[in-house]
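Architecture at a glance
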Amino acid sequence: MTTRLTDSPEDAAAYIRRGQTVAFPTETVYGLGADAFDPHAVQQIFAAKGRPSDNPLIVHIADRAQVDDLAASVPDAARVLMDRFFPGPLTLILPRHPDVPSVVTAGLDTVGVRMPDHPAAQRFLAACGTPVAAPSANRSGRPSPTTWQAVRDDLGGRIPCILRGGRTRAGLESTVVDCTTAPPAVLRPGAITLDALRAVVPSVQGPATGDDDDRARSPGTKHRHYAPSARVCLVDTPADAVPGAAHAYIGLEAPPERNAFGRVRVCPSVEAYAHALFHVFRASEAAGCTTIYCQRVPDTGLGEALMDRLRRAASATV
Ligand code: TXA
Ligand code: MG
């Protein structure tokens, strides 16, 4: 199939209304959407991505009223989090409304809901007139796309339409919070930090580490993730990165022999590092780099989400 590129949210929404898939920008990463209430359309997302069917999708909304079509009930903590963070890079796991097709939730009795904070995404979702199920718009296992070109590289010829926008602002995915438990618990660290969540709901539990029950509750966290074709190697200090023309480096500090690397990205902040990470992965592999050295950051604030992505990318490629 040919993949049409458009700058019009309304043109892109017409594909959704016809039961097809569309890639669209959000403030985190690009998503690959379909009408959440059309199981056949949602099935095409799994086919295009090569996504395992046991990994549920996040449903994107334009309007708070749509939550009632998706969730059987809305716990108090979820209301407080929505008041503070919708629209924004936060996904809430809620009890599933019986009308939500099971292909969306991978058979779970819960559903993930998020309202993106991005003008084109909001216009697109409003024009769709239906909630839109959407995972990140990458081939399964690959780094999430932060540009429309990255979407085209992974899914060109496999999806009918890409809504073009600029580079995504956050560069990392939304924070996923399970609101079906008391207290609520972070299932995936993301663009909204634990401290920010706790400022409004102090009882929120941090992400579980290791292979325990909490991690199994967010099925996506067990799959291979975020891996470019180059090897990802984590280092504590820049001096641990081995120079080489086919070696790339990203970190908060510059490596000693900066010019001996094929590519170097020194980031002024953890936010800038998160924004750049997936883009650097893809740019480095396109430049033929065989190894990407990534400097570890402290596991606090946004560093928690960044380290989560770095660890997954590294373990998938070692
Ligand atoms: O920022 C984002 O969240 C992006 C943009 C496109 O919105 N989307 C995204 O989707 O990252 P995806 O499919 O790549 O990751 C969704 C994560 C997975 O780890 C999945 O297992 C989890 O959310 N998830 C979705 N529904 C869930 C549910 N009902 N219960 C537990 N985890 C769920
Ligand atoms: Mg993803």
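Located above this text is the structure these notes cover.
In short, a report on the structure. (Residues numbered from 1 in each chain as written. Chains lettered and ligands numbered in written order. Predicted model: local features only at pLDDT ≥ 70, side-chain atom pairs only at ≥ 80, totals over all residues. Heavy atoms only, no water.)

Let's talk about the sheet that holds strand β11 (residues 231-235)
Threshold: In this scheme, strands are said to pair when DSSP sees at least two bridges between them. For helices the rule is a DSSP run of H or I covering at least 4 residues; for strands it is a run of E covering at least 2, with both sets numbered from the N terminus onward. The angle between two axes is taken between their N-to-C directions and runs from 0 to 180 degrees, where each axis is a line fitted to C-alpha atoms and a helix contributes only its stretch in contact.
Taken in spatial order, the 4 strands line up as β11-β14-β12-β13 in an open sheet, and their pairing is parallel. The two strands at the open ends of the sheet, each matched to only one other strand, are β11 and β13 (261-266). Here the strands of the sheet are splayed against their neighbours by 20° on average, with no regard to which way each runs. Here strand β12 (residues 244-251) pairs with β13 via 5 bridges, running parallel. Paired with Gly-251 across the strands is Val-266, a residue of β13.

Some thoughts on the packing of aromatic side chains
To keep things clear, this is the line we draw: By convention, a stacked pair of Phe, Tyr or Trp rings (six-membered ring in the case of Trp) has centres within 6.5 Å and planes under 30 degrees apart, an edge-to-face pair has planes over 60 apart, and any other such pair is tilted. Whether a residue is buried, partly exposed or exposed follows from its accessible area with a 1.4 Å probe, protein chains only, as a fraction of its type maximum: under 20%, in between, or over 50%, in that order. Sitting over a ring, as applied to charges here, requires NZ of Lys or CZ of Arg to be within 6 Å of the ring centre and within 35 degrees of the ring normal.
The full count for this structure, using the stated rule, is 4 aromatic pairs. Both rings, one in Tyr-226 and one in Phe-278, keep their centres 5.4 Å apart while their planes meet at 20°; by these two values the pair is stacked. Of this pair, Tyr-226 sits in the loop between α9 (213-217) and β11 while Phe-278 sits in helix α10 (residues 270-286), and the two are 52 residues apart along the sequence. For Tyr-226, a relative accessible area of 4% gives the class buried. Residue classification places Phe-278 among the buried positions, given a relative accessible area of 0%. Among the aromatic residues, ring-to-ring pairing joins Tyr-226, Phe-278 and Phe-281 into one connected group. Arg-18 extends its terminal NZ or CZ atom over the ring of Tyr-15, reaching a point 4.7 Å from the ring centre. Sitting over the face of the ring of Trp-148, Arg-164 holds its NZ or CZ atom 5.2 Å from the ring centroid.

Notes on the pattern of salt bridges
Rule in force here: The salt bridge criterion pairs a side-chain nitrogen of Lys or Arg with a carboxyl oxygen of Asp or Glu, the two atoms within 4 Å.
For the coordinates displayed, the defined rule picks out 14 salt bridges. Residue Asp-117 is joined to Arg-169 by a salt bridge in which the shortest nitrogen-to-oxygen separation is 3.6 Å. Here Arg-169 lies in the loop between β8 (161-163) and β9 (175-178) and Asp-117 lies in the loop between β6 (110-114) and α6 (119-128), a separation of 52 residues in the sequence. Given a relative accessible area of 53%, Arg-169 falls into the exposed group. Put simply, Arg-142 and Asp-154 hold a salt bridge, and the shortest N to O gap is 3.3 Å. Taken together, the positions of Arg-142 in the loop between β7 (132-133) and α7 (148-155) and Asp-154 in helix α7 put the pair 12 residues apart, joining distant regions of the chain. Asp-154 matches Arg-142 in its accessibility class, with the two residues each being buried. Among the ionic contacts, a cluster of salt bridges with common partners joins Arg-142, Asp-154, Arg-282 and Glu-285.

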